Amino acid sequence: MRKNRRDFFQKAFAGAGLLAGTRVFTTGSARADEHGRTNMQDDDAGMSVNQETQSPSYNGKFLPAQTPDVPDLRWQMDNGVKVFHLVAEPVKRQIHPMKTLDLWGYNGTSPGPTIQITQGDRVRIIVDNHLPEATSMHWHGFEIPNAVDGGPGTSQAPIPPGGRFIYEFTLHQEGTYFYHSHMAMQEMMGMLGAFIMHPKRPYLPPVDKDFVIMLQEYAVLPNNTIPNTMSMEFNWLLFNGKAGPANTPLVVRLGDRVRIRMINLGMDHHPIHVHGHTFHVTGTEGGRIPKSAWIPGNTVLVGVAQARDVEFIANNPGEWMLHCHLPHHMMNQMSSTVGPMTRLGKGMTAGLSMENGMGMLTGEPGAPLGDGYGAGLGRGLGVGATNDQPVGNGPLSPEKTQAAMGNMQHSMPGTPHGEMQMPGMNMEPEISPNANSVPGFPQDAYMEGPAMAMDEAVWKPENYGLRPGWSAFMQGMMTLVRVLPPDEYDKIQELIRENRRHRIPYTPAAWPIPGTNQLDKKSGGEQ
């Protein structure tokens, strides 16, 4: 026993001094297979379960969790140890059809690839640093030796650029955990990933679907691609590295028992709400909650550095929103308004800094009363967001609305932009004739509406059958839980399999469109 412990610590500390032969910042890294699935289901977990309590999809081994829009990390076996390889590096991440960010992540993606193991596994995780500065890797919530905890300056020296550290430990826990850089600002650049520890004995009742969602937020100035990690306000809110409507819906069969694991590593707490169902909170970042302590609800607060597992029976068919209920987190690209406000009949400055917008005035004298200190709309996103620009905020004219829509890739196939038609959808903003005279207008008229629809631009098989124009109202930290009857569920699974073989084009649904009483005749439907 002593010899094993000594060998373990020798391996762990040896990794701290290993440096790559050359210092590579952006190339030469091992990358996760975007289309590959975890191969851990080949491992026998030695479970003994009453067959009558097993779900139809349970095969005597654990059910792998799915992380939409994020790959799994593959492993290799080395004398009974599962070996994983993570590369910390700069990455480009398309978070939205019209927005690609320069982030930091792992193995070419942010969030990093999901790691899945079975309780009791011994793992070795090789971390290479391809960043231009030192980093460290913390295993959040793991009960492991201090030498491999990843605390820079305390349990290990930071991993220098071009360096490597080898972490090795045995995992006796089970539940939803995660890994992340322990350099604070690097966390805000996207450096986290999910780490799922499946129990040796499966949870009861077993689930049919198991999903992972990581919550992230970025402050990005207009015409910029690099997050401002010093900001306290955020205008891009993401599920698994994607802002709505670009993220992938959770598709389940009517009657499935569903688990959703939510992980938050940002600056804000997020109250996550699901429509149409009541769930129970069954787990935290500390593992499974005893059944007697499960809490029913439809909204759960996922605090910073926390994980929350919820489970429910998908017994209510339909397209159900799953989203953060903070109003500002259901929008994209939101930032302080600039330019004089025109609807009040006189100019009023806007676009103040965060401090000024909160009433903490600066300048000479201490509380200036000049025109430069009018009311601010929202908080700024940091340096560069405070400049006043001579831009009005009046409503878009029909001509400008059509022009804006013409620049977006969301028209129906074969339909010119200027003659776009979506069944059941009015393509012009719905406002009253006297809208401009109503105090408070506009609120959502030009943030959610026809000009924001991009159904084709975000097309994927999981979106098949959604109501035309649905994408206009899915923004920020928001996705869908699609509870489908067997025939519709099977059709989407067929499209997913076909799409893995070759990219299939935008495909409208062949079943009735919700709320329109219409079918798409091009795909074989009859009215």
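Look above for the structure.
Given the structure is predicted, the values throughout are model-derived calculations rather than measurements.

Rules and cut-offs
Residues numbered from 1 in each chain as written. Predicted model: local features only at pLDDT ≥ 70, side-chain atom pairs only at ≥ 80, totals over all residues. Heavy atoms only, no water. Phe/Tyr/Trp six-rings, centres within 6.5 Å; stacked < 30°, edge-to-face > 60°. Helix = DSSP H or I, 4+ residues; strand = E, 2+ residues; numbered from the N terminus. Buried < 20%, exposed > 50% of the residue type's maximum accessible area, 1.4 Å probe, protein only. Lys NZ or Arg CZ within 6 Å of the ring centre and 35° of its normal. Pairing = 2+ DSSP bridges. Axes fitted to C-alpha atoms, helices over the stretch in contact; angles between N-to-C directions. Contact = heavy atoms within 4.5 Å. Core = buried A, V, L, I, M, F, W, Y, C linked by side-chain atoms within 4.5 Å. Polar contact = N/O pair within 3.5 Å; in protein donor to acceptor, adjacent residues only side chain to side chain. Salt bridge = Lys/Arg side-chain N within 4 Å of Asp/Glu carboxyl O.

*Asks:* Can you walk me through the packing of aromatic side chains in this structure?
*Replies:* Aromatic ring pairs are defined here through the distance separating the ring centres and the angle between the ring planes. All chains considered together, the criterion is met by 11 aromatic pairs. Between Trp139 and Phe195, the ring centres sit 6.2 Å apart and the planes meet at 80°, which makes this aromatic pair edge-to-face. Of the two residues, Trp139 sits in strand β6 (residues 137-140) while Phe195 sits in strand β9 (residues 192-198), which places them 56 residues apart along the sequence. One exposure class covers both Trp139 and Phe195, and it is buried. Ring centres 4.5 Å apart and planes at 45° place the aromatic pair Phe165 and Tyr167 in the tilted group. Comparing Phe165 with Tyr167 shows no difference in burial state: the two are buried. A network of ring pairs unites the aromatic residues Tyr106, Trp139, Phe142, Phe165, Tyr167, Phe169, Tyr177, Tyr179 and Phe195 as a single cluster. Positioned above the aromatic ring of Trp75 is the side chain of Lys82, whose terminal nitrogen or guanidinium carbon lies 4.8 Å from the ring centre. For Arg288, the ring lying beneath its charged end belongs to Tyr203, and the centroid distance is 4.2 Å.

*Asks:* Got a minute to help me understand the sheet that holds strand β8 (residues 175-181) in this structure?
*Replies:* Across a sheet, strands are paired by hydrogen bonds formed along the backbone, either parallel or antiparallel in direction. Pairing is mixed across the open sheet formed by 4 strands, whose spatial order is β4-β9-β8-β6. Each edge of the sheet is formed by a strand with only one pairing partner; in this case those strands are β4 (115-118) and β6. For this sheet the average axis-to-axis angle between neighbouring strands, irrespective of direction, equals 20°.

*Asks:* What exactly am I supposed to notice about the sheet that holds strand β21 (residues 478-484) here?
*Replies:* Read across the sheet, 5 strands follow the order β12-β21-β20-β14-β18 without closing on themselves; strand pairing throughout is mixed. Looking at which strands have only one partner, the edges of the open sheet turn out to be β12 (250-253) and β18 (299-302). Averaged over neighbouring strand pairs, the angle between their axes works out to 20° when direction is ignored. Pairing analysis gives 4 bridges linking strand β14 (residues 270-274) to β18, with the strands arranged antiparallel. Within β18, the position partnered with Pro271 by the bridge is Leu301. Running over the sheet, helix α5 (residues 486-501) touches β12 and β21 and is turned about 135° from β12.

*Asks:* I'm lost on the nonpolar core in this one. Help?
*Replies:* Soluble globular proteins tend to bury their nonpolar side chains together. Ranked by internal contacts, the top residues of the largest apolar core, which has 30 residues, are Ile260, Met262, Ile272 and Val481. Ignoring sequence-local partners within four residues, the contact set of Val481 consists of Leu250, Val252, Ile260, Val274, Phe312, Gly318, Glu319, Trp320 and Leu322. Judged by nonpolar contacts, the second largest core, of 29 residues, contains Leu86, Ile117, Met137 and Val148.

*Asks:* Help me understand the environment of Arg503 in this model?
*Replies:* Turning to its location among the elements, Arg503 is positioned in the segment after α5. By relative accessible area, Arg503 is classed as exposed at 58%. On a C-alpha basis, the gap between Arg503 and Lys460 in space is 9.3 Å, while along the polypeptide they are 43 residues apart. A distance of 3.3 Å separates the side chain of Arg503 from the backbone oxygen of Trp459, its partner in a polar contact.

*Asks:* Sorry, what's going on with the environment of Asp444 here?
*Replies:* Checked against the element boundaries, Asp444 lands in the loop between α4 (398-406) and β21. Each C-alpha atom, one on Asp444 and one on Met331, is 9.7 Å from the other, the two residues being 113 residues apart in sequence.

*Asks:* Looking at this model, I keep getting lost on the pattern of salt bridges. Mind explaining?
*Replies:* Where charged atoms of side chains with opposite charge meet at close range, the side chains can pair. Within the structure shown, the criterion is met by 16 salt bridges. Asp210 is the partner of Arg261 in a salt bridge, and the nearest nitrogen-oxygen pair spans 2.9 Å. Of this pair, Arg261 sits in strand β13 (residues 257-264) while Asp210 sits in strand β10 (residues 209-218), and the two are 51 residues apart along the sequence. By relative accessible area, Arg261 is classed as buried at 1%. Residue classification places Asp210 among the buried residues on the basis of a relative accessible area of 1%.

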